[in-house]
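Observations on the model geometry
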Amino acid sequence: MTFLNPTYLWLSLGILIPIAIHLWSRRKVVTVKVGSTQLLQESEPKRTSTVRLNELWLLVLRVLTVLLITLLLASPRTTDTSARMSLVYLIEPSLLNNDHVKRLLNETPAEEVKVLMDGFPNAEGYSPGKRENEIPEYWQLAQKMNALPADSIIVITEGFVSGIKGKRPYGANHVNWTVLPSGDTQNQLLEVALARDTLTILTLVSDADGLYVESEEQSKNSIDVKSNKTADSVFINGVLMPLRTPEPIMVLMRYHDSLMQERHYLSAALKAVAKLMNRPLILDENPGQDSVDATYDLSIWLGDPPEQNLSVKQLIFNSSTLANGLIEPTIDKNVYVLTSRLNNENVFSEHLAEQLYIVLNLRKDMEEKILDNDKRVATKDELRPHRTDPPMATDTAGLVDPFTWLWGLLFLMIALERVLAKYRKQ
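Worth saying up front: this structure is predicted, and the values here are computed from it rather than measured.

What counts, and at which threshold
- Residues numbered from 1 in each chain as written.
- Predicted model: local features only at pLDDT ≥ 70, side-chain atom pairs only at ≥ 80, totals over all residues.
- Heavy atoms only, no water.
- Salt bridge = Lys/Arg side-chain N within 4 Å of Asp/Glu carboxyl O.
- Helix = DSSP H or I, 4+ residues; strand = E, 2+ residues; numbered from the N terminus.
- Buried < 20%, exposed > 50% of the residue type's maximum accessible area, 1.4 Å probe, protein only.
- Pairing = 2+ DSSP bridges.
- Axes fitted to C-alpha atoms, helices over the stretch in contact; angles between N-to-C directions.
- Contact = heavy atoms within 4.5 Å.
- pLDDT = per-residue confidence, 0-100.

What about the pattern of salt bridges?
For the coordinates displayed, the defined rule picks out nine salt bridges. In this structure, Glu191 engages Arg244 in a salt bridge whose closest nitrogen and oxygen atoms are separated by 3.5 Å. With a gap of 53 residues between them, Glu191 in strand β8 (residues 186-195) and Arg244 in strand β13 (residues 239-244) connect regions that are remote in the sequence. By relative accessible area, Arg244 is classed as partly exposed at 21%. A salt bridge links Glu262 to Arg341, with the shortest nitrogen-to-oxygen separation between them at 2.8 Å. Taken as a pair, Glu262 in helix α5 (residues 260-276) and Arg341 in the loop between β19 (335-338) and α6 (344-349) lie far apart in primary sequence, 79 residues in all. Here the salt bridges share partners, and the residues they tie into one network are Arg62, Glu417 and Arg418.

Side note on unusual backbone geometry
The phi torsion at His351 lies on the positive side, around 55 degrees, for a residue other than glycine. Along the polypeptide, His351 turns up in the loop between α6 and α7 (352-360). Residue classification places His351 among the partly exposed positions, given a relative accessible area of 42%. Phi at Asn361 takes a positive value of approximately 45 degrees, unusual for a residue other than glycine. The residue Asn361 is located in the loop between α7 and α8 (364-372) in this model.

So, the sheet that holds strand β16 (residues 298-302)
Read across the sheet, six strands follow the order β15-β14-β16-β17-β19-β18 without closing on themselves; strand pairing throughout is mixed. Bordering the open sheet on either side are β15 (281-284) and β18 (327-329), each of which pairs with just one other strand. When strand polarity is set aside, the average angle formed by the axes of neighbouring strands in this sheet is 20 degrees. Against the sheet, α7 touches β14 (249-255), β16, β17 (314-317), β18 and β19, its axis set at about 25 degrees to β18.

Digging into the confidence of the model for the protein
In the predicted model, the protein carries a mean pLDDT of 81, and the fraction of residues at 70 or more is 84%. Across residues 46-51 the pLDDT falls below 50, and counting only partners more than four positions away or on other chains, this stretch makes two contacts in the model. Across residues 390-397, where pLDDT falls below 50, the model places six contacts with residues more than four positions away in sequence or in other chains.

A look at the sheet that holds strand β4 (residues 113-115)
Sheet architecture is open: four strands sit in the order β4-β3-β5-β7, paired in parallel fashion. Bordering the open sheet on either side are β4 and β7 (175-179), each of which pairs with just one other strand. For this sheet, the mean angle separating the axes of adjacent strands, direction not counted, is 25 degrees. Pairing of strand β3 (residues 85-91) with β4 involves three bridges; the strand directions are parallel. Of the residues in β4, the one forming a bridge with Leu90 is Lys114.

Now the structure itself:
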């Protein structure tokens, strides 16, 4: 056992205090004057020994309590019996079958090769199944690497940008990151939209350097286009894709005459969004209508806000000189605020149409498909966490902290001592 604060061990001499009190109490003789001993009974020897035994247990409990307090102050550490490795490799699941990685780790002991995922299981005998192409959350795992019993850790990863989430954490200096991109290009069909007799085919193209969406138009009656029996899907490159018909963008707008300029700018921006998405726009500007249908994608209030709580998204005009942007979210995820009067300058400089596109968020399903197939790769410097020292010094590595169970034992000793002291009236 090792002590981080061995100076406090001198406090163990405090056990002399309860011993001295115990011995001093035994020396006390109390004289009780009685008129007659005729009605007194002689005490049994067994009962006398029991009294002395109870006093002895009380002394032991008090001595142990002092010793436990001393141990807690001295911060004891016990040596971990598990073997500490000099080097550990953490391999991303998608690279376990990579030929370069296999050759690199061919002569490496099996216990030193682990999988870069929660729990860091051994690579030997690991069956990824559906998790083979799962992208790890690199920064969350980096915070757990200090728990590995290794002097040095080498992380071999593809370093996907989509695996970098949250705030950059702090990582220990003994962790070294190696980015090994596969170099493959991902081509993923996103959707096939039908407008009149024209098919618009959207394909996601992603590689280590970038990500973009290709749009291709074909006639529905082309000989290269084959439909299924129900004519609601088509075969594209051997893949059956459902046909998506463009749904209109439903927007409700209420305005005061004093905000007519904002009405014109917002209408033009909404038309630009509808044209970009190749979808019709239905803009309801009836100022006398009070009811709001749940089918609306967005309700715009240029003037008095709605009196009732609405389930649809709302854009409310509320001028504020302290706002950082033209359109800002609020605590309510369905409510946004137009923070300034609109003019030719801020409509273009603040990208009003793009902000309305983000507020509408009509293609959330498309965004999820794009994120799932994002193969962009970060550089080693972009991926690596902030450098910091390990939480424990090198000379304390491999030591186990018994702090928790010592506290539990101390509370148990105090409780027993109090119960026995009350019983013995000491």
